[in-house]
Amino acid sequence: MSDQRLLTIPTFAIMLEHHTIMRDVIRTMDESGEPYVREASFISRLHRYIQGQSKDKQKQLRTAFSTDNLLASHILVDKDEFGGESRLIFDRAVIGVFRLFDRSLFQDLTDVALKLQLGGIRILLEKLQSGSMLYSDSDLDFKELIDELFHQLSELLNSIRLNLVKMQTINQELSDASELVAKSHNPKVFSALQQESIEKISLLLSRHILPTRQFLDEKSRLKDGPNLFECLQSLRNQFDLHQDHQRANAMLRYEVSFNSFHKQISKVSQSVDQFLARSKKRLQQFNAIEGAFSELVNALDATKQNLKRSQIDGQFARDNGTFMGLMQQARPKVLRISSSEAYLNNVVSDIEARVVDRSLLEQSRYVDLVSVKDDSTEQRLARAEQIFELVKNMKMAEYQDLTLSLHRRLKDYFSDYHFVDLLEGLNFILRSEAMLDGHTVKMTNFRQRLAQGDNIYLYRKIRTERVTQ
């Protein structure tokens, strides 16, 4: 390293210009969970960075980032030897500046860090309650106490705000982790990535998210003293007692701010809980499948070694239990979605028909009559006439199941809709060539079920096709 020295401002300016060096250093410190960086690692990172720089720039970087220069400019607060290694400890304020450049470097709050900051606020509260000093801004001791109190509260608020911003990006991190696991086709890699993801998120939840949420919970009770909100309320009472309403209102604003953070971090906690539940279930299913597959492979190997055996006997299924009754289960129904021209025409025609129905409903009144079981003949006829008028004006299309399509189109237009309304509408269509609008009717032998209320009706499917000239 160079023997030259730079002042603090030029040194820090160079560090800001080449901030990726410090960002990597901070990330290394966070990953190892240590408040220092090993000098050998720091020098190695610096050398890799300066390889692509000009000679003048290399000289400047070696000077600025030399250990002696960093100590002389007070950017390094200490350099010590431990276990045969040299360790560099940067000033906390300097590290804090570089953390602002990258959201992922915002420091996670731990239970210990939160309690230390709460302890400082408690000490200031006790001094204020003791009455050992004159309650006046002209008293230097009192002025220093108040300044320190607001400084600690502001610092705590900012720490939680930055920590929350980082936590709110957790959903994207969880999504990336899930995508990485899903792309792995190797069972061993899948299992390792899934386990690593669960361990990482579980550590984040237990060490950072849950302690912060509990710290911001106004209902939490601490054995060693009042919680944060109790301290703020006591401070507000002290200020009100001395008619200092401006500072009392400031304490109230802090309460509101911390309380809003609690609501936001609770949402993050719920999101992580859901991810962990899904991941653990996925891992359990994967392990069960892998275990069953391993047993199946062993059973298959037994048939290859024994020439008298050509099939796996039923003992494997009975021991495993997973496959019992599998042959009796119905096959999954096919979701008939096609990209053919006929299928797409059907979809488009149905949408157009429904749009026409909607405009028809807005222009006419078809919901005045209510169908009941003891309808009079006169009322039943009047309702049938309404159904006839509605169906007559509906736009006909090609349907694979005319009954189901008409049911879907009628049920939203009549209050207290009954299955008999569908039968009347269907009867009108099948008996009128004008209503068929150039379509022909094909009665099929396929059966279909239709549910209406507590009843299920079985009917034959009717298909409509446009008659081509």
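Everything discussed here concerns the structure shown above.
Predicted model, so just to flag it, every value in this text is computed and none were measured.

Draft legend 1. Spatial organisation of the overall build of the protein. Helices and strands together make up the secondary structure of the protein, namely 18 helices and five strands. Counting contacts in the protein only where the partners sit at least 6 residues apart, residues at least 24 apart contribute 66% of the total.

Draft legend 2. Focus on the sheet that holds strand β3 (residues 85-90). The strand order across the open sheet formed by three strands is β1-β3-β2, and the pairing between neighbours is antiparallel. Looking at the sheet topology across the chains shown, the edges are occupied by β1 (37-38) and β2 (76-82). Sheet topology note: the β2/β3 ladder contains six bridges and is antiparallel. Of the residues in β3, the one forming a bridge with phenylalanine 82 is glutamate 85.

Draft legend 3. Molecular detail of unusual backbone geometry. At histidine 74, a position not held by glycine, the phi torsion is positive, near 65°. For histidine 74, the position within the fold is in the loop between α5 (67-72) and β2. In this structure, glutamine 243 takes a positive phi of about 60° despite not being glycine. Relative to the elements of secondary structure, glutamine 243 occurs in the loop between α11 (228-241) and α12 (245-305).

Draft legend 4. Main features of the pairing of strand β5 (residues 455-466). Bridge analysis of strand β4 (residues 439-452) against β5 gives eleven bridges, and the strand direction is antiparallel. Opposite glutamine 448, over in β5, you have tyrosine 459 as the bridge partner.

Draft legend 5. Layout of a nonpolar patch on the surface. A contiguous nonpolar patch, built from Leu16, Leu100 and Phe101 and spanning about 260 Å² of accessible area, is present on the exposed surface. Along the chain, leucine 100 falls in the loop between α6 (92-99) and α7 (111-130). Exposure remark for leucine 100: the relative accessible area of 52% places this residue in the exposed category.

Draft legend 6. Structural detail: the nonpolar core. The biggest cluster of nonpolar side chains holds 41 residues, and the ones touching the most others in it are Leu228 and Phe258. The biggest single contributor to this core is α12, with eleven residues. In this structure phenylalanine 258 touches Leu153, Leu156, Leu157, Ile160, Leu216, Leu228, Phe229 and Leu232, once residues within four positions along its chain are discounted. Among the nonpolar cores identified, the runner-up in size contains 24 residues, and Met29, Phe42, Leu46 and Tyr49 belong to it.

Draft legend 7. Inspection of the packing of α11 against α12 at higher detail. In the contact formed by α11 and α12, the axes pass within 7 Å of each other and the chain directions differ by 165°. In terms of their interaxial angle, α11 and α12 are classed as roughly antiparallel. In this structure, α11 meets α12 at a crossing whose hand is left-handed. Contacts from Leu228, Phe229, Leu232, Gln233, Leu235, Arg236, Phe239 and Asp240 in α11 reach His245, Arg247, Ala248, Met251, Leu252, Tyr254, Glu255, Phe258 and Asn259 in α12. The class makeup of the residues in the contact of α11 with α12 is ten nonpolar, three polar and four charged.

Reading guide: rules and limits
Residues numbered from 1 in each chain as written. Predicted model: local features only at pLDDT ≥ 70, side-chain atom pairs only at ≥ 80, totals over all residues. Heavy atoms only, no water. Helix = DSSP H or I, 4+ residues; strand = E, 2+ residues; numbered from the N terminus. Contact = heavy atoms within 4.5 Å. Pairing = 2+ DSSP bridges. Patch = residues over 30% accessible without salt bridge, like charges linked within 9 Å, V, L, I, M, F, W, Y side chains within 5 Å. Areas by Shrake-Rupley, 256 points an atom, 1.4 Å probe, with all protein chains shown as cover. Salt bridge = Lys/Arg side-chain N within 4 Å of Asp/Glu carboxyl O. Buried < 20%, exposed > 50% of the residue type's maximum accessible area, 1.4 Å probe, protein only. Core = buried A, V, L, I, M, F, W, Y, C linked by side-chain atoms within 4.5 Å. Axes fitted to C-alpha atoms, helices over the stretch in contact; angles between N-to-C directions. Parallel < 35°, antiparallel > 145°, perpendicular 65-115°, else oblique. Left-handed = near helix turned anticlockwise from the far one by under 90°. Nonpolar A, V, L, I, M, F, W, Y, C, P; charged D, E, K, R; others polar.

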